[in-house]
Amino acid sequence: MTMTLRETLFLLAHHPSGRPRIPNFVLEAGLGAAALMELRHLGILEVTGDGHVAARRTAPSGDPLLDRLLHQLTTGPSRRPHELLPACGEDVKQSVMAGLAAHGHCRLDPAGHVVAVDLAGHRDDARRAIRDSVHGGVASDLGTLLWATELGGYVLGPAALITRLRLGRQSAADPLALAVRQAFPLPAGAFRINGSPGAN
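The rules behind the values
- Residues numbered from 1 in each chain as written.
- Predicted model: local features only at pLDDT ≥ 70, side-chain atom pairs only at ≥ 80, totals over all residues.
- Heavy atoms only, no water.
- Helix = DSSP H or I, 4+ residues; strand = E, 2+ residues; numbered from the N terminus.
- Polar contact = N/O pair within 3.5 Å; in protein donor to acceptor, adjacent residues only side chain to side chain.
- Contact = heavy atoms within 4.5 Å.
- Axes fitted to C-alpha atoms, helices over the stretch in contact; angles between N-to-C directions.
- Parallel < 35°, antiparallel > 145°, perpendicular 65-115°, else oblique.
- Buried < 20%, exposed > 50% of the residue type's maximum accessible area, 1.4 Å probe, protein only.
- Core = buried A, V, L, I, M, F, W, Y, C linked by side-chain atoms within 4.5 Å.
- Pairing = 2+ DSSP bridges.

Peer 1: What is the right way to read the side chain of D174 from this model?
Peer 2: Tracing the sequence through the fold places D174 in the loop between α8 (161-171) and α9 (175-182). Among the polar contacts listed, one links the side chain of D174 to the backbone nitrogen of L176, at a separation of 2.8 Å. With sequence-adjacent residues up to four places away left out, D174 is seen in contact with M37, R40 and T144.

Listed below in structure tokens is the structure:
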């Protein structure tokens, strides 16, 4: 199974026990941004000069979740990324959970709560990919999302300060990453800046 960006983010945002590493509202915003980034990667979406999300074309992507999101973009009012993420984050999360559970990468209890995830080397793979891209001068979408959701410290490790600083500088130029931080007001102490909440 090839992981989507949103699935990889979901797995990295959880302990193997299923306990989340970040607050749910941050995870949902990150997953919404991941879906938008996937549409952008396909050449379907862009963030316009005035800061609104717009569809460059309306042909279906073939991914049911992305096509639902594309329908929202083309039929609803024009919105900025931070206005769109709260509207789509829960839908993206439920879709991701169902897909991962169907492929055995996530286990849910009868109430639909996550009780286990299979990390299976995803952290190591993500660390290598992010370091390669950052030191190559380009922030990958995954690295950008991990910076936006404060999971960069967990994935890269507490000693990777230079890599994390470079990742932050590169990622801060991405309007979808900034939208994750703008989507909800952050309560004091919700998570540590550039930290690895609950990573132990």
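Peer 1: Before we go on, may I ask you to explain the packing of helix α2 (residues 24-41) against helix α3 (residues 64-75) in this structure?
Peer 2: The packing of two helices is summarised by the inter-axis angle and the distance between the axes. One can describe the packing of α2 onto α3 by two numbers: an axis separation of 10 Å at closest approach and a directional angle of 85°. The pairing of α2 with α3 is recorded here as roughly perpendicular in orientation. Packed against α2, whose contacting residues are A35, L36, E38 and L39, the element α3 presents L65, L66, L69, L70 and L73 at the interface.

Peer 1: What is the right way to look at helix α6 (residues 141-148) in this model?
Peer 2: A turn of α-helix holds 3.6 residues, and therefore any two residues three or four places apart point the same way. Counting buried residues along α6, seven of its eight residues qualify, which places the element largely inside the surrounding structure. Here the buried face of α6 lies against α1 (5-12), α2, α5 (122-135), α7 (152-156), α8 and α9. Once α6 ends, the next one or two residues include E150, with phi positive near 65°.

Peer 1: For this particular structure, what's the right way to read the nonpolar core?
Peer 2: In a soluble, globular protein the nonpolar side chains are often hidden away together inside. The biggest cluster of nonpolar side chains holds 57 residues, and the ones touching the most others in it are F10, L85, I130 and L146. If you tally residues by element for this core, the top one is α2, at 10 residues. The residues contacting L146, other than those within four sequence positions of it, are L9, L12, I130, L151, G152 and V155.

Peer 1: Where do I start with the pairing of strand β4 (residues 114-117) in this structure?
Peer 2: The side chains of a regular strand alternate between the sheet's two faces. Judged from the three bridges that link them, strand β3 (residues 106-108) and β4 form a sheet pairing that is antiparallel. Bridge pairing in β4 links L108 to V114. Where β3 folds back onto β4 in an antiparallel hairpin, the turn is made up of five residues, including G112, whose phi is positive at roughly 90°.

Read these as spatial facts, not as claims about activity.
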